[in-house]
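Listed here are the chains, written in short residue letters.
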Amino acid sequence: MDSLPVPLVRRGFAQTTRRDPWWVTPAAVFTVLSAFVVYATWAAFQDQYYHYGPYLSPFYSPELFGDSPHAWFGPKPAIWPAWLPFSAALLILPFPGVFRFTCYYYRGAYYKAFWADPPSCAVGEPRKSYWGEASFPLILQNVHRYFLYIALLFIVLLAHDVWKALWFTDAATGVTRFGVGLGTLVLAVNVVLLSGYTLGCHSLRHLVGGRLDEVSKKPVQMACYTCTSALNGRHMLWAWCSLISVAFSDVYVRLCAMGVWTDWRIL
């Protein structure tokens, strides 16, 4: 039986035969990512209310220079130009920001939500050509694999912040004692979610075993590959949960420092 050729019909922007509410997901991605970028940018330029007792906002960690007790090298350097805005977060936030912005999952999410490339599967897009990621500026997305190492380092640093959040100094006596506050749990949950997101990274999965032809012949790498693959299977969930948790951690520390919220001491 002869087969008849099926002509390809190019759809106009947002044209589709789909009957489901396909626009809900890209609209939600656009809203949440936009809100996060706006809030994170605002919080980074504040340079205040980012620490409370032993708590340090993950937006400002590690604090290289600053006015809090968490600063590694003391206050802002005297040589800092007066015309250039200073914030401890601006020295740190770009690194995890680039790692997340170039993430393989997020690329697909914001390409659809912000660039409509395409808006969704089987939905017409506003352009007729495909550029891919082989030319500038999208070729810069390849830095993701290198920023993975920085992201792994940040997990260690944030875990250390959780350790510091277990030690409270009495304002009256100056004695430091072990304790657990609600803020301690907030920062700890944030580290768990960020770890799940980072350790499930596609680049890490390739690094620990995906690049091998027969990873099953290397038991240690096979175990790492299996664990990373399990996390990678829920990479989208880890991505969104960790995005919300890192923002909420900053909100929690900020509102406690402003006196809006009272940190509940559990232990």
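Scroll up to find the structure this text is about.
Because the structure is predicted, anything quoted here is derived from the model rather than measured.

Basis of the calculations
- Starting from 1, residues in each chain are numbered consecutively following that chain's sequence as written.
- Restriction of local features to residues with pLDDT of at least 70 applies here, the model being predicted, together with a cutoff of 80 or more for giving and counting side-chain atom pairs; totals for whole chains, interfaces and linings are based on all residues.
- Heavy atoms from the whole structure form the basis of all side-chain values; hydrogens and water molecules are not counted.
- Stacked, edge-to-face and tilted are the three classes for Phe, Tyr and Trp ring pairs, Trp counted by its six-membered ring, which pair at centre distances within 6.5 Å; planes under 30 degrees apart are stacked, over 60 edge-to-face, the rest tilted.
- Strands are runs of DSSP state E lasting at least 2 residues, helices are runs of H or I lasting at least 4, and numbering of each runs from the N terminus.
- Relative accessibility thresholds used throughout: buried, under 20% of the residue-type maximum; exposed, over 50%; partly exposed, between the two (1.4 Å probe, protein chains only).
- Criterion for a charge above a ring: Arg CZ or Lys NZ at most 6 Å from the ring centre, at most 35 degrees from the ring normal.
- Patch membership requires over 30% relative accessible area and the absence of a salt bridge. Like charges are linked within 9 Å, and nonpolar side chains (Val, Leu, Ile, Met, Phe, Trp, Tyr) within 5 Å.
- The Shrake-Rupley method, run with a 1.4 Å probe, gives the accessible areas here. Residue values count only the displayed protein chains as cover.
- When a carboxyl oxygen of Asp or Glu is within 4 Å of a side-chain nitrogen of Lys or Arg, the pair counts as a salt bridge.
- To get an axis, a line is fitted to the C-alpha atoms, and for a helix only the part in contact is used. The angle between two axes follows their N-to-C directions and goes from 0 to 180 degrees.
- When describing relative orientation, an angle under 35 degrees is termed roughly parallel and one over 145 degrees roughly antiparallel, while 65 to 115 degrees is termed roughly perpendicular and anything else oblique.
- Whether two residues are in contact is decided by their heavy atoms, any of which lying within 4.5 Å being enough.
- Ten residue types, Ala, Val, Leu, Ile, Met, Phe, Trp, Tyr, Cys and Pro, are classed as nonpolar, four, Asp, Glu, Lys and Arg, as charged, and the remainder, Gly among them, as polar.
- One fewer than the residue count of a helix, multiplied by 1.5 Å, yields its expected span.

**Some points on the packing of aromatic side chains**
For the structure shown, the criterion picks out 25 aromatic pairs. Ring centres of Y55 and F168 lie 5.9 Å apart, and the angle between their planes is 85°; on these two criteria the pair is classed as edge-to-face. A residue pair is termed long-range when its members are at least 10 positions apart, and Y55 in strand 2 (residues 55-56) and F168 in strand 3 (residues 167-169) qualify at 113 residues. Judged by relative accessible area, which is 8%, F168 ranks as buried. Ring centres 6.3 Å apart and planes at 85° place the aromatic pair Y105 and W240 in the edge-to-face group. Here Y105, found in helix 3 (residues 104-115), pairs with W240, found in helix 8 (residues 235-257); they are 135 residues apart in sequence, far enough to count as distant. Residue classification places W240 among the buried positions, given a relative accessible area of 17%. By way of ring pairs, the aromatic residues F99, Y105, Y106, Y197 and W240 are connected into one cluster. Here the basic side chain of R100 rests over the ring of Y197, its NZ or CZ set 4.5 Å away from the ring centre. The positively charged end of R265 is found above the aromatic ring belonging to F168, 3.8 Å away from the centroid.

**Regarding a nonpolar patch on the surface**
The grouping of W163, W167, F178, L182, L185, W264, I266 and L267 at the surface amounts to a nonpolar patch, some 840 Å² of accessible area in total. As for its placement among the helices and strands, L185 is situated in helix 5 (residues 182-199).

**Quick look at the pattern of salt bridges**
Going through the model one piece at a time under the given rule, you end up with five salt bridges. Measuring nitrogen to oxygen at the nearest pair gives 2.7 Å for the salt bridge that ties R18 to D20. Residue classification places D20 among the partly exposed residues on the basis of a relative accessible area of 36%. A salt bridge links R254 to D250; its shortest N-O distance comes to 3.2 Å. A residue pair is termed a helical-turn pair when its members lie 3 or 4 positions apart in one helix, as R254 and D250 do in helix 8 at four residues.

**Focus on the packing of helix 4 (residues 144-164) against helix 6 (residues 202-210)**
Across the interface, helix 4 lies against helix 6 with an axial gap of 9 Å and an inter-helix angle of 90°. Taken as axis vectors, helix 4 and helix 6 run roughly perpendicular relative to one another. Across the interface between the two elements, H144, R145, L148 and Y149 from helix 4 touch S203, L204 and L207 from helix 6. Broken down by class, the residue content of the contact of helix 4 with helix 6 amounts to four nonpolar, two polar and one charged.

**Section: helix 4**
Taking 1.5 Å per residue, 21 residues should reach 30 Å; helix 4 reaches 30 Å between its end C-alpha atoms and fits that length. For helix 4, the full list of buried residues reads H144, F147, L148, A151, F154, I155, L157, L158, D161 and V162.

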